[in-house]
Amino acid sequence: MYSANHWGGSFEIAADGAAEDDHSRNMDLDRGALSARQHQLDETQQSWLLGPPEAKKKDKYVDLGCVVVKRKLLWWVLWTLLAAFILIGLPVIIAKSIPKKKPHAPPPDQYTDALHKALLFFNAQKSLLSLTNNFGHVSFSALTAGRLPKNNGIKWRGNSGLSDGSDLTDVKGGLVGGYYDAGDNIKFHFPLAFSMTMLSWSVIEYSAKYKAVGEYDHVRELIKWGTDYLLLTFNSSASTIDKVYSQVGIAKINGTQPDDHYCWNRPEDMAYPRPVQTAGSAPDLGGEMAAALAAASIVFRDNAAYSKKLVNGAAAVYKFARSSGRRTPYSRGNQYIEYYYNSTSYWDEYMWSAAWMYYATGNNTYITFATDPRLPKNAKAFYSILDFSVFSWDNKLPGAELLLSRLRMFLNPGYPYEESLIGYHNTTSMNMCTYFPRFGAFNFTKGGLAQFNHGKGQPLQYTVANSFLAALYADYMESVNVPGWYCGPYFMTVDDLRSFARSQVNYILGDNPKKMSYVVGYGKKYPRRLHHRGASTPHNGIKYSCTGGYKWRDTKGADPNVLVGAMVGGPDKNDQFKDARLTYAQNEPTLVGNAGLVAALVALTNSGRGAGVTAVDKNTMFSAVPPMFPATPPPPSKWKP
């Protein structure tokens, strides 16, 4: 029986010939290779042994709403943020939560050291202050009636001038208080008012510095001591006045009767008459008093009641100064004033006081007058007169011009003030040019001291007043990002101007041919024999008579009482200085001299000028000034159909 091939064809794979042929070919092959070939698996057989192919893992995603991200990436970001918080954020939080110690203040520079001392001079010049002002109104002084404050700091000073003005019928309590002017015991109200204006101006501009050196409360107390007294010298509760009291105490030239110059007495020992001078016309004195009270009202802006009292008093005395029938200078024909503090003009006080009244009140009538073209014409402000460029108690033009330039530099009010303001600004720039030796406007000593008063006595009071203006103008320019200005073809920088101011103050503090300080108590070498009654007379409980004090005036010994902070008159045009009591032109301190010194020192010190702190306080001066331009109107209401 034969098997069948159901697929068709023969069961034979190959013919015999073919088999033999293959066998003959295989004989030529390597047996190992042939064996390996015989055991290889085809693809189907391999698939049986390996099983199905491995499937790829699918990525997982997270839907965050606005975006779909891989879960793995999301976890990576979260872990990174957590690590950053632990490594950076957490230490920062911990560091900020730990209470920090206040950093130590930088060591004071020489100007700060001198400033502390210069302010003490005013404590030594005080007369007693009453608790009541003129016409019986209560003063804002917190002092105990009848006594100097216990913290006055001058142990050798006591109560004095208790009977000043006691014979005046219209002033309750008399003219008790204020400051003695210099080495004598007279209270000259004209330089006293200017001194208070200068101190107030320095506080308005540099309050941060005063606070940084711990003198802010002290200087405000000194200003208030002066302004409280000025409010006694006229009827400050009235809106219209017809007189002011201009001086307490007198001194005749080469007199032979007891008075404030003939006698050599400590203020506490005065037993001679001290008459009061009255001025029914005082455009200059009235203008300066208005400036002092107005400037102080800005200083005391935080005391609304007292600031308002100062403004009201300033308005009354300003009105008196501007009265058309009262234009005779306060000193004219008065033998007790004219020789000492004669006023050569009153137009500068008009400009000066109008500027201060505007800043204190914001009333446009004051700035309108200050910028009226007729005012600088009458004051000869634009005439390029050399002496009119020197700031002093008698010439306020440079100070007024700088004060009005401030308005243009910081607020730029434009029309109708621009024409006059640009004139003041240009004149201020030219005034500053005269300070540099290269232009030859003023002589300088070989030691470098500018001779603003042409070699006459008391040179340092002019030096410090104009150094203050130079430093202040430099700070104004720096605050508005102006690097300098042109003096003819020469470009002068802010640093040039500030360097001039420093050179003059440094001269006073010891950088001079004598290698001595002209501020008592500063440095190792300073004047020891001041023309000053209180400093030269021992505090020994003995009351010396009018002429009994001569022995202390004439002795060659050093002062028994050191008048710390007093700046003396200064050296002559050859840098020479004689430390003797009778050389009053060189060795007598004054209120105006020390007021200028304080202002210059606080302007130059670097205390309080940290990173980001502007050179001056831009805004306090303008605290009462209304907006220069109308406010932007609100947008219209939404339209509705």
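An unreviewed UniProt entry annotates the protein as Endoglucanase of Oryza glumipatula. Taken verbatim from the UniProt record of the protein, the Catalytic activity (unreviewed entry) comment is "Endohydrolysis of (1->4)-beta-D-glucosidic linkages in cellulose, lichenin and cereal beta-D-glucans."

Draft legend 1. Just the sheet that holds strand β4 (residues 244-248), in detail. Strand order in the open sheet made by the three strands is β3-β4-β5, with antiparallel pairing throughout. Edge positions in the sheet fall to β3 (187-188) and β5 (276-279), since each of these pairs with one other strand and no more. Judged from the two bridges that link them, β3 and β4 form a sheet pairing that is antiparallel. From the neighbouring strand, Lys187 faces β4, where its bridge partner is Val248.

Draft legend 2. Up close: the confidence of the model for the protein. Taken over all residues, the pLDDT of the protein has a mean of 88, while the share at 70 or more is 84%. In this model residues 1-30 is a low-confidence stretch, pLDDT under 50, and it forms five contacts with partners more than four residues away in sequence or in other chains. Here residues 32-38 scores under 50 on pLDDT; set against residues more than four positions off or in separate chains, the count is one contact.

Draft legend 3. Geometry of the state of the cysteines. Applying the stated criterion to the full structure yields two disulfides. Here Cys263 connects covalently by a disulfide to Cys546, the sulfurs 2.0 Å from one another. Given an S-S torsion of about -95°, the disulfide between Cys263 and Cys546 has left-handed geometry. Remark: Cys546 occurs in the loop between α18 (533-536) and α19 (550-554) and Cys263 occurs in the loop between β4 and β5; sequence separation between them is 283 residues. Of the two residues, Cys263 and Cys546, both sit in the buried class. At a sulfur-sulfur separation of 2.0 Å, the disulfide partner of Cys433 is Cys487. Across the S-S bond of Cys433 and Cys487 the torsion is about -90°, and the bridge reads as left-handed. Of the two residues, Cys433 sits in helix α15 (residues 418-433) while Cys487 sits in strand β6 (residues 484-487), which places them 54 residues apart along the sequence. You can call Cys433 buried: its relative accessible area is 11%. A relative accessible area of 5% means that Cys487 is categorised as buried. Looking at the protein, its bonded cysteines, counted consecutively from the start of the sequence, adopt the pairing 1-4, 2-3.

Draft legend 4. Region of the structure containing the packing of aromatic side chains. Summed over all chains, the structure comprises 39 aromatic pairs. A ring pair is formed by Phe194 and Phe391, whose centres lie 5.6 Å apart and whose planes are at 75°; its orientation type is edge-to-face. Note that Phe194 is positioned in helix α6 (residues 189-212) and Phe391 in the loop between α13 (374-379) and α14 (397-410), a separation of 197 residues in sequence. What makes Phe194 buried here is its relative accessible area of 3%. Overall, the relative accessible area of 0% leaves Phe391 in the buried class. The residue whose ring lies beneath Arg438 is Tyr490, and the NZ or CZ to ring-centre distance is 4.2 Å.

Draft legend 5. Just unusual backbone geometry, in detail. Put simply, Tyr415 and Pro416 share a cis peptide bond, and its omega is 5°. One can find Pro416 in the loop between α14 and α15. The phi dihedral of Lys515 is positive, around 50°, even though this residue is not glycine. Here Lys515 lies in the loop between α17 (494-509) and α18.

Draft legend 6. Region of interest: the side chain of Thr197. Inspection of the secondary structure puts Thr197 in helix α6. You can call Thr197 buried: its relative accessible area is 0%.

Draft legend 7. Molecular detail of the pattern of salt bridges. This structure, assessed with the given rule, holds 21 salt bridges. Asp260 is paired through a salt bridge with Arg274; the nearest N and O atoms lie 2.8 Å apart. With Asp260 in the loop between β4 and β5 and Arg274 in the loop between β4 and β5, this residue pair connects regions lying 14 residues apart in the sequence. Across the pair, Arg274 and Asp260 agree in class, each one buried. Across the salt bridge formed by Asp579 and Arg529, the nearest N and O atoms sit 3.1 Å from each other. Of the two residues, Asp579 is situated in the loop between α19 and α20 (584-587) and Arg529 in the loop between α17 and α18; the sequence distance between them amounts to 50 residues. Among the charged side chains, a salt-bridge network with shared partners connects Arg157, Arg266, Glu268 and Asp269.

Draft legend 8. Molecular detail of the UniProt feature "transmembrane region" (unreviewed entry) in the protein. Sites flagged by UniProt as "transmembrane region" (unreviewed entry) map to residues 73-94. From the first C-alpha to the last, residues 73-94 spans 30 Å; its make-up is 100% helix and 0% strand.

Draft legend 9. Geometry of the packing of helix α8 (residues 283-299) against helix α9 (residues 304-321). Two elements in contact, α8 and α9, have axes separated by 8 Å at closest approach and are oriented at 160°. Comparing their axes, α9 and α8 come out roughly antiparallel. Relative to α9, the crossing made by α8 is left-handed. Where α8 abuts α9, its residues Pro283, Gly286, Gly287, Met289, Ala290, Leu293, Ala294, Ala296 and Ser297 lie against Ser307, Leu310, Val311, Gly313, Ala314, Val317, Tyr318 and Ala321.

Rules used in this analysis
- Residues numbered from 1 in each chain as written.
- Predicted model: local features only at pLDDT ≥ 70, side-chain atom pairs only at ≥ 80, totals over all residues.
- Heavy atoms only, no water.
- UniProt positions renumbered as here; feature names shortened; annotations may be inferred.
- Pairing = 2+ DSSP bridges.
- Helix = DSSP H or I, 4+ residues; strand = E, 2+ residues; numbered from the N terminus.
- pLDDT = per-residue confidence, 0-100.
- Contact = heavy atoms within 4.5 Å.
- Disulfide = S-S within 2.5 Å.
- Buried < 20%, exposed > 50% of the residue type's maximum accessible area, 1.4 Å probe, protein only.
- Phe/Tyr/Trp six-rings, centres within 6.5 Å; stacked < 30°, edge-to-face > 60°.
- Lys NZ or Arg CZ within 6 Å of the ring centre and 35° of its normal.
- Salt bridge = Lys/Arg side-chain N within 4 Å of Asp/Glu carboxyl O.
- Axes fitted to C-alpha atoms, helices over the stretch in contact; angles between N-to-C directions.
- Parallel < 35°, antiparallel > 145°, perpendicular 65-115°, else oblique.
- Left-handed = near helix turned anticlockwise from the far one by under 90°.

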